[in-house]
Amino acid sequence: VKRIRVSPDYTPEIGAIFGIIPSSPTPTPEGDLKPVIKAGESFGGYKFDVNVTRLGMEAFKVQVQKNGNGNWADAAFATNNPVEVTVTPATPGQPERALVRAVLLAKNQPVGQPSDPTYVTVNP
């Protein structure tokens with residue numbers, strides 16, 4: 001690629017034919033940003049760790065949905081990874097399964113789309 005580009009006969013059209021035109025990535029519009037979330041294992045005490053790709057945003061919040069009721073509740077706010085999240089159990093002493101997602105924040109306002117939710121099971 002380097003030899004072709006430094007050739008005196010090189011033109012952008014020739015680069016296009018070979019598929020070697022350098023391009024700079026276009027920034028993703030803020031409305032299209034969607035973080036990726038990875039929830040770690042529960043280590044007891046109804047707690048688990050979460051890692052979130054921030055995609056250049058300064059902070060994020062972690063939301064939890066329990067019992068499939070459709071309501072997302074804020075569980076944690078963070079500016080770095082990992083963040084420890086504690087879930088209040090519906091039935092103390094019993095394991096509980098919940099959906100978890102992340103929402104990116106810029107100046108404490110939601111940005112982009114929530115992450116795809118993932119299930120976690122927390123234990124007493």
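Just so we're clear, the structure is a prediction, and the values are computed from it rather than from any experiment.

Okay, the packing of aromatic side chains next. As enumerated under the stated definition, the model contains zero aromatic pairs in all. Positioned above the aromatic ring of Tyr 119 is the side chain of Arg 97, whose terminal nitrogen or guanidinium carbon lies 3.8 Å from the ring centre.

With that settled, consider the sheet that holds strand β2 (residues 47-52). On the basis of which strands lie adjacent, the open sheet formed by three strands has the order β1-β2-β5 and antiparallel pairing. Only two strands of the sheet have a single neighbouring strand rather than two, namely β1 (37-42) and β5 (83-86). On average, each strand axis in the sheet is inclined to that of its neighbour by 30 degrees, with strand direction left out of account. Sheet topology note: the β1/β2 ladder contains four bridges and is antiparallel. Bridge pairing in β2 links Ala 39 to Val 50.

A separate point is the environment of Arg 54. Following the sequence through the fold, Arg 54 ends up in the loop between β2 and β3 (59-66). Its relative accessible area of 29% is what places Arg 54 among the partly exposed residues. Along the backbone, Arg 54 and Thr 79 are 25 residues apart, and their C-alpha atoms lie at a distance of 8.6 Å. Dropping the residues within four chain positions of it, Arg 54 is found in contact with Phe 60, Thr 79, Asn 80 and Leu 104.

The rules behind the values
Residues numbered from 1 in each chain as written. Predicted model: local features only at pLDDT ≥ 70, side-chain atom pairs only at ≥ 80, totals over all residues. Heavy atoms only, no water. Phe/Tyr/Trp six-rings, centres within 6.5 Å; stacked < 30°, edge-to-face > 60°. Lys NZ or Arg CZ within 6 Å of the ring centre and 35° of its normal. Pairing = 2+ DSSP bridges. Helix = DSSP H or I, 4+ residues; strand = E, 2+ residues; numbered from the N terminus. Axes fitted to C-alpha atoms, helices over the stretch in contact; angles between N-to-C directions. Buried < 20%, exposed > 50% of the residue type's maximum accessible area, 1.4 Å probe, protein only. Contact = heavy atoms within 4.5 Å.

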